[in-house]
Amino acid sequence: EGRDETGGVGLPTVTLETTGAGAARPADSPCAGLAKPAVSGVNEALVAQSPPPPPAVATLPGRNPPEWVKFRNLVQALGRLGTANPYLDDFAGPAQQLEPLGGQGAFLSNVHNSYVFTSVNRAYGEVSLTEVRAPTFPDTRPGPATMPAAQLRYFSMCTNETATQRYVACRTDDRTAIGDDGQAAYVVSVPAHRPRWATADCGYTWLPHGPAPASTLILRHMLPAAGFAQAIQRAEPGKEAATMGAYLPRTRYVGSGEPPPCRAPFQRSGPALGLPAPKRCVSRRELTLRLDRRLRSAAVYVAGRRVAVRRGRRLRAPVDLRGLPRGTYVVRIVGRTRTGRKVVAVRTYRTCARKS
C-alpha cells in the first residue's frame, strides 16, 4: 500500500563496463533514457463509447444461458466460440472432437495460469450477472513479513472482445467485491446500461462489455495451493461443474424489470477472505450508531450480519467489532423516512488502527 508500480524497488538498470585498465570508456547503455510507454487512454475511450443496438437475433457467439468451459488450446477456443450459438449445434459435436488435437496451452495459459471462459451476447440481454465462489488469496497490501497462505496466489475476471480477443477490462482479486459468504458477483454491460445497483457498496463488481455485440468472459486462477482441488488447473474438461463445484462461474441475463437485491456487504481484508491477520491484534472497538431522526425504520448490517435496531426517540444500532482481527469492515444502513423514501448509507471502520 502506498508504493509505486514496481513495489518501491525501481526498474532494473543496465551498465556497460570496461574489460580492464586503460580501456576506453564504453558508450552509454542503450537502455538509458528508455521509459515505459505511457497509457494512451485509447482503450478507455473505446470502452466508454455507446455502441449501436445489438442485433435482434444472436447469430454471433453466445448462448442463453452461457456455458463455462476450461480453456485447453486454440483449436478448442475457435471451435467453441464459432459454434457457441443455437444455429450451429450440428457443428458443435465435430468441433469438440477436434479439441484434443490442439495440445495444451496458448494465449495466457501456461503451467502456472489456467482459465475458464464463456461468451455473452447483448442480443440475449444488455446485462449479464455472473456469480462464483471466490478462492482465498494473500492480502499483501497491509505489508505482512511473509506471504500469507491461501488457495490461490491470484485470480481475476476479464472481458475480452470475442472476435479478436482484444483486452477490454479486468477486475483483480483485490478489486472484487467479496461477501462474508465468500461469494462474488460480476455485472457486465455497456456503460449506458449499467444498473444503478451494480456497485461495490451493493456487493457487485461491474465490468464493461465492450463495443462489440459479443464479449468473452475469462476467469483466471494462478498458482493454486496443493490442497485446492477445485482450482481450474485441476478441472477435467467436459466435467468442469463436477470437478470445480461452486468455484465454476454461473452466468445469466438479467431483465430490466429484475433488479437483484443488494448482497451482503463485502470486506477488503479480514475474515471474509479466510486469511490470518498480518498482526496478532484483536479489536476492542464497540460503539452505538444514532440514526437520523427522520428515519421511521432501518435495517443495519455490520460486516454482513444484520443487527437489532433499538427504538426510542432516535433509532440506535450497536456496532460490535470486538474480537475481530485487523481489517476493514463495512456498516450498511438501509432506512425508510417518515415520508416513505428509501435511503442507503455506508460507513467503513478499521480495526487495530491508530486513533486519529
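Residues numbered from 1 in each chain as written. Predicted model: local features only at pLDDT ≥ 70, side-chain atom pairs only at ≥ 80, totals over all residues. Heavy atoms only, no water.

Trainee: Help me out: how do you make sense of the sheet that holds strand β7 (residues 205-208) in this one?
Mentor: Whether parallel or antiparallel, the strands of a sheet pair through hydrogen bonds between backbone atoms. With respect to topology, four strands assemble into an open sheet ordered β7-β6-β3-β9, the strand pairing being mixed. Bordering the open sheet on either side are β7 and β9 (250-253), each of which pairs with just one other strand. Geometrically, the sheet is characterised by an average inter-axis angle of 25° between neighbouring strands, direction not taken into account. Strand direction decides the pairing type here: strand β3 (residues 128-133) and strand β6 (residues 183-189), joined by six bridges, are antiparallel. Following the sheet pairing, V132 is matched in β6 by A184. (Pairing = 2+ DSSP bridges. Helix = DSSP H or I, 4+ residues; strand = E, 2+ residues; numbered from the N terminus. Axes fitted to C-alpha atoms, helices over the stretch in contact; angles between N-to-C directions.)

Trainee: Explain the state of the cysteines to me, please; I cannot follow it from the model alone.
Mentor: A covalent bond bridging the sulfur atoms of two cysteines is what the word disulfide describes. One pass over the full model with this rule turns up one disulfide. Here C158 engages in a disulfide with C170; their sulfurs sit 1.8 Å apart. Every disulfide takes its handedness from the sign of the S-S torsion; for C158 and C170 that torsion is 105°, giving right-handed. Placement of the pair is C158 in strand β4 (residues 152-161) and C170 in strand β5 (residues 167-172), with a sequence separation of 12 residues. Given the relative accessible area of 1%, C158 is considered buried. Since its relative accessible area comes to 26%, C170 is described here as partly exposed. (Disulfide = S-S within 2.5 Å. Buried < 20%, exposed > 50% of the residue type's maximum accessible area, 1.4 Å probe, protein only.)

Trainee: Would you explain the pattern of salt bridges in this entry?
Mentor: For side chains bearing opposite charge, pairing can occur when the charged atoms are close. Scanning all chains against the criterion turns up four salt bridges. With a closest N to O distance of 3.0 Å, R122 and E126 form a salt bridge. For R122, a relative accessible area of 5% puts it in the buried group. Residues E236 and K239 are paired through a salt bridge, measuring 3.8 Å at the closest nitrogen-oxygen approach. Residue K239 is classed as partly exposed on the basis of its relative accessible area, which comes to 46%. (Salt bridge = Lys/Arg side-chain N within 4 Å of Asp/Glu carboxyl O.)

Trainee: Which parts of the structure should I look at to understand the environment of R310?
Mentor: Position of R310 relative to the elements: it lies in the loop between β12 (305-307) and β13 (316-320). Residues contacting R310, with those up to four places away along its chain left out, are T288, L315, R316 and P318. (Contact = heavy atoms within 4.5 Å.)

Trainee: I keep staring at empty space enclosed by the protein and nothing clicks. Help me out?
Mentor: Rolled over the atoms, a probe as big as a water molecule pinpoints where empty space is left. Evaluation of the coordinates by the stated rule reveals three cavities of 30 Å³ or more. When its volume is computed, the second largest cavity comes out at roughly 40 Å³. Along its surface, the second largest cavity is lined by V132, R133, A134, P135, F155, Y186, L219 and H221. Elements that contribute at least two residues to the lining of the second largest cavity include exactly β3 and β8 (214-224). Of the residues belonging to the lining of the second largest cavity, the class tally is six nonpolar, one polar and one charged. (1 Å grid on protein atoms, 1.4 Å probe; cavity = no way out; pocket = protein on both sides within 12 Å on 5 of 7 lines; lining within 4 Å. Points joined across faces, edges and corners; volume = space filled by probe spheres on them. Nonpolar A, V, L, I, M, F, W, Y, C, P; charged D, E, K, R; others polar.)

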